[in-house]
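What follows is the residue order along each chain.
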Amino acid sequence: MDLRIFTEPQQGATYDTLLTVAKATEDLGFDAFFRSDHYLKMGSVDGLPGPTDAWITLAGLARETKRIRLGTLMTAATFRLPSVLAIQVAQVDQMSGGRVELGLGAGWFEEEHTAYGIPFPKEKFGRLEEQLEIVTGLWATEVGKSFEFHGKYYDLTDSPALPKPAQRKVPVLIGGHGATRTPRLAARYADEFNMPFSSVEDSERQFGRVRAAAEEAGRGADDLVYSNALVVCVGKDDQEVARRAAAIGREVDELKANGLAGSPAEVVDKIGRYAEIGSRRFYLQMLDLSDLEHLELISAQVQSQLS
């Protein structure tokens, strides 16, 4: 069972803060450090000092960590041209010695596009599908050969398809709640399917759809890793849980219903319920990045039981 730390820097975080959390992630034995890819805060937080770019952040962390995997949940296809994204991810993978994973989604937060002058197209899913074909196609093209793509949204002619990642294949993550197109896309391109902020029941239904789509596409249903992203709020006693919930502006009962919250034993039990329906990896959404004792507790009393 992999436990990965997942951060939301658009809510307010400097690179130095992210570096501190990433190093703690590595030192405490977690599998990976992931971050969101957003340029605008959400909710009532001030978001200061302002957004940090996901792939610039990961490039820095690639040089300052040694073991943990690094990636995004999810990079928005609206933010970057697919060929530019392929170059960026390949370079960061080289910088990390082959530890990068790419989560790629269609993009959904219209306000951040408006705020920073980024086009927000009506047809996003078709663009995402073409992006996935281009990014993976560029990486898969043999050195010395060229790559071409002529689609509805993107057109590449005689691309040298360079640089290449350090890994033979960068893992690609696809996620979401869509009942038809999302499972089909995951079956074609994904190494991992992620269900964000969903119940055991909803996750089981969606995992089933992805498994069926994978088999229809000629893959084994277990060729993909199935994972969940959930907010985490753990305390050694009720008072500590309440304090951590208050620090992120949430209610304990709501967190227990919708996330991984409570005592270490409660969290281990809930993870077990997700594991029963096939989830093998958890992205623990850490919303208070100053609380490194929270990470230490999860490592000592949750992760230790799962390993």
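Along each chain, the written sequence defines residue order, and numbers are assigned to residues from 1. Side-chain atom pairs in this predicted model are given and counted only at pLDDT of 80 or more, local residue features only at pLDDT of at least 70, and totals for whole chains, interfaces and linings cover all residues. Side-chain figures throughout are based on the complete set of non-hydrogen atoms in the structure, without hydrogens or water.

A. Region of the structure containing empty space enclosed by the protein. Points on a 1 Å grid over protein atoms alone make up a cavity when a 1.4 Å probe fits among them but cannot get out, and a pocket when they form an open set with protein on both sides within 12 Å along at least five of seven lines; lining residues each have an atom within 4 Å of a point. Grid points are joined across faces, edges and corners, and a volume is the space filled by probe spheres set on the points. Applying the stated criterion across every chain, the model contains 1 cavity of 30 Å³ or more. Estimates place the volume of the largest cavity at around 70 Å³. Lining the largest cavity are V232, C233, R244, A247, I248, M286, L287, D288, D291 and H294. If you list the elements that add at least two residues to the lining of the largest cavity, you get β10 (225-234) and α8 (238-247). As a working rule, the residues Ala, Val, Leu, Ile, Met, Phe, Trp, Tyr, Cys and Pro are called nonpolar, Asp, Glu, Lys and Arg charged, and the rest polar, with Gly in that last group. Taken together, the residues that form the lining of the largest cavity break down as 6 nonpolar, 1 polar and 3 charged. For the purposes of this entry, the term helix denotes a DSSP run of H or I that reaches at least four residues, the term strand denotes a run of E that reaches at least two, and both are numbered from the N terminus.

B. Inspection of the environment of V200 at higher detail. Among the structural elements, V200 can be located in helix α7 (residues 200-216). A residue is classified by how much of its surface remains accessible, and V200, at 15% relative accessible area, is buried. With 174 residues separating them along the chain, V200 and E26 place their C-alpha atoms 28 Å apart. Excluding anything up to four places from it in sequence, V200 contacts R273, Y274 and I277. Buried means the residue's accessible area, taken with a 1.4 Å probe over protein chains only, is under 20% of the maximum for its type, while exposed means over 50%, and partly exposed covers the values in between. Contacts between residues were defined by any pair of non-hydrogen atoms, one from each residue, lying within 4.5 Å.

C. Focus on the packing of aromatic side chains. Think of it this way: a Phe, Tyr or Trp ring, Trp meaning its six-membered ring, pairs with another when their centres are within 6.5 Å, and the plane angle makes it stacked under 30 degrees, edge-to-face over 60, tilted otherwise. Scanning the model with the defined rule gives 7 aromatic pairs in all. Aromatic side chains Y274 and F282 sit 5.9 Å apart centroid to centroid with 85 degrees between the ring planes, which places their arrangement in the edge-to-face category. Assessed through its relative accessible area of 1%, F282 is described here as buried. Three or more aromatic residues link up through ring pairs in this structure, and these residues are Y39, F79 and Y116.

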